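Listed here are the chains, written in short residue letters.
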Amino acid sequence: MNYPLSLWSGLSQTRRLIVIAATLAMFTAILGIARIASQPNYTLLYAGLEEAAAGDVMAALDQQGVAYEIRGTAIYVDDALRDSLRLSLAAQGLPANSGEGYELLDGLSGFGTTSQMFDAAYWRAKEGELARTILAMPMIRAARVHIAQLPDSVFRRDGHPTASVSVTSASGSMDAAQAQALRHLIASAVPDMRPEDVAVIDSVGGLVPPAGEGAGAPGAAVDRAAELRQNVERLLQARVGPGRSVVEVSVDLVTERERLSERRFDPQGRVAISSDTEQKSGTSQQGESGVTVASNLPEGDAASGQTDRTQNSESRERVNYEVSETQREVERLPGAIRRLSVAVLVDGEPVTAEDGTVSIQPRGEEELAALRDLVASAVGFDESRGDTITLKSLPFPAISQDGTLAEAGLLPELSSVDLVQLAQAGVLAIVVLGLGLFVLRPVLLSGRRLPEVTSASAPLALPGLDDEAPRILNGVIEEDEAPLDMIGPQDGMGQATQPDPVARLRRLIEQRQTETVEILRGWMETGEDTV
């Protein structure tokens, strides 16, 4: 207890203030480090919520007494409570969906509500219900639906309502099958709407074209080639093993749309479509017209004249023929394969010689022919359209084991640590160490004052090696204190010559470092007091 008091009494007023300020700064830094270490590790609870939904979540957290932080549009809570909070908030129906459904119609009353207002509220409710249904799908994170309904008009006969849906997928992008499902969902919910009247916009990939249009898109050839390549690689791996074959597929697709209309007449192929038959027959009779006086008498021969009789018959037939006609309409959509090129490189087959050496040799022609037939069947090879298949067997170079093995380190374990808090704690620790090493330690060490010297020649008493009596240092080296190595060489008379004073001083400093430092410090403090 006496040593700290003596040390404190030996300090000047300025150094005492420095020690007090440094001590307070150290305690403040230590309290800051402890506070940072005691703070919970906050993690993301919800992000991207609308204002109303975020307000409901914050009200529920305040009601439960849970501490949270708001960073932009995100809500952060304690990492240990995140999962349980999500389950409890989900039981309360939070966060609520951004769109409102048919409950919008509950607020409409019969007084003051026009037909236009009711129609607008109805379509808003329809859009909200569709958005809720889409959000119920596990691969959808956000969705908005817009329906464009045509106004009623007696002059418009043909017309279909259209719709657009903007979605954000959890996987990053939406494929054509999912987009087609959304089209049918919306088209089935709106009267007179067709699936092709619905536009699906992905927040990452942009507009998702329908299946028919997507086949002619620039990326369709790449997708088709990737699908064929996977089929061939899976087939070859079963024979040659994984990593021992390389497959490249080039697909040339038809990108234009073509519609053909054809009508043919065959004059040789006549077909009777109707037949009309008409028959006529008639008889005519004609006698002599000579009349005499005798023929008028009762006994006269009036009937003795001659008569001519004529009979005729007519038959007519009419047959109508129709010329054979063929009418055909063909529509060619984009997406058909125009030409297919497949290149397959297969590793050689290891062969063991009699001496035990293993060499790689190309595979036989029979095996290559069998593999070529399998590849042709897998890709749908058609020689008539110019498809080509190139299959070669060449030895693959051995893969060198360069580099070092990557092993799991501390990064996976530290991934859950908040780097900001860790950095703050590190800065405060550096401040504490700096205050302790560069402020308090020099001040305390410099407070160990030596007894003041009245004159330059006055001896200075310091604790020496002998515990019984202190050593007296006055800066002058006595003859008996000089070590043998400091005495110069002897001359011919046996007398010791004087060595170099600089060399003597250097040797003395090396042997008595502690005393030398204390002497220099006493001189410096004496000089400061005189000033």
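Calculation notes
- Residues numbered from 1 in each chain as written.
- Predicted model: local features only at pLDDT ≥ 70, side-chain atom pairs only at ≥ 80, totals over all residues.
- Heavy atoms only, no water.
- Helix = DSSP H or I, 4+ residues; strand = E, 2+ residues; numbered from the N terminus.
- Buried < 20%, exposed > 50% of the residue type's maximum accessible area, 1.4 Å probe, protein only.
- Contact = heavy atoms within 4.5 Å.
- Areas by Shrake-Rupley, 256 points an atom, 1.4 Å probe, with all protein chains shown as cover.
- Axes fitted to C-alpha atoms, helices over the stretch in contact; angles between N-to-C directions.
- Left-handed = near helix turned anticlockwise from the far one by under 90°.
- Nonpolar A, V, L, I, M, F, W, Y, C, P; charged D, E, K, R; others polar.
- Salt bridge = Lys/Arg side-chain N within 4 Å of Asp/Glu carboxyl O.
- Parallel < 35°, antiparallel > 145°, perpendicular 65-115°, else oblique.
- Pairing = 2+ DSSP bridges.

Visitor: Before we go on, may I ask you to explain the overall build of the chain in this structure?
Guide: Regarding its fold elements, the chain presents 14 helices and 16 strands. Counting the 531 residues in the chain, one finds 22% classified as buried. In the chain, 68% of the contacts between residues at least 6 apart in sequence involve partners at least 24 apart. Carbon together with sulfur atoms contributes 54% to the accessible area of the chain, which is approximately 37800 Å² in total.

Visitor: Could you clarify how one ought to interpret the packing of helix 5 (residues 115–135) against helix 6 (residues 176–189) in this entry?
Guide: Relative placement of two packed helices is described by the angle separating their axes and the distance separating the axes. At a minimum axis distance of 11 Å, the contact between helix 5 and helix 6 shows a crossing angle of 150 degrees. Relative to helix 6, helix 5 is oriented so that their crossing is right-handed. Touching K126, L130, T133 and I134 of helix 5 are L182, L185, I186 and A189, all from helix 6. Across the contact of helix 5 with helix 6, the residue classes break down as six nonpolar, one polar and one charged.

Visitor: Help me understand the pattern of salt bridges, please; the structure alone is not making it clear to me.
Guide: Pairs can form between side chains of opposite charge once their charged atoms are near each other. What the rule picks out here adds up to 15 salt bridges. Of the charged contacts in the structure, one is a salt bridge between D197 and R194, with a shortest N-O distance of 3.1 Å. With a closest N to O distance of 3.0 Å, E367 and R363 form a salt bridge. Assessed through its relative accessible area of 8%, R363 is described here as buried.

Visitor: Help me out: how do you make sense of the packing of helix 3 (residues 51–64) against helix 4 (residues 82–91) in this one?
Guide: One way to put it is that helix 3 packs onto helix 4 with a least axis distance of 11 Å and a crossing angle of 115 degrees. Relative to helix 4, the element helix 3 lies roughly perpendicular. Here helix 3 and helix 4 pass one another in a crossing that is right-handed. Note on element contacts: helix 4 touches helix 3 through L85, S88 and L89, opposite V57, A60, L61 and Q64.

Visitor: How should the environment of A29 be read in this particular structure?
Guide: Tracing the backbone through its elements, the reader meets A29 in helix 2 (residues 13–38). In this structure A29 comes out as buried when scored by relative accessible area, which is 7%. Separated by 402 residues in sequence, A29 and V431 have C-alpha atoms that sit 7.4 Å apart. Setting aside its immediate chain neighbours within four residues, A29 contacts L428 and V432.

Visitor: I would appreciate a short explanation of the sheet that holds strand 1 (residues 42–47) in the present structure.
Guide: Sheet strands associate in pairs through backbone hydrogen bonding, adopting either a parallel or an antiparallel arrangement. Judged by pairing direction, the sheet is antiparallel, and its three strands sit side by side in the order 1-3-2 without closing on themselves. The sheet is open, and its two borders are formed by strand 1 and strand 2 (68–71), each paired with just one other strand. For this sheet, the mean inter-axis angle between neighbouring strands, taken without regard to orientation, is 35 degrees. Bridging between strand 2 and strand 3 (residues 74–78) involves four bridges; their strand directions are antiparallel. The residue of strand 3 that forms the bridge with R71 is A74. With respect to the sheet, helix 4 is in contact with strand 1 and strand 3, its orientation differing from that of strand 1 by roughly 25 degrees.

Visitor: Even after reading the chapter, I still don't get the pairing of strand 12 (residues 349–352), so can you show me in this structure?
Guide: Consecutive side chains along a regular strand alternate between the two faces of the sheet. Alignment of strand 12 against strand 13 (residues 358–361), held across four bridges, turns out to be antiparallel. By the bridge assignment, P350 is partnered in strand 13 with I360. Where strand 12 folds back onto strand 13 in an antiparallel hairpin, the turn is made up of five residues, including G356, whose phi is positive at roughly 95 degrees.

Visitor: Any chance you could explain unusual backbone geometry here in plain terms?
Guide: Backbone phi values are negative for most residues with the exception of glycine, while trans is the configuration of most peptide bonds. In this structure, D192 takes a positive phi of about 60 degrees despite not being glycine. Within the fold, D192 resides in the loop between helix 6 and strand 6 (198–202).

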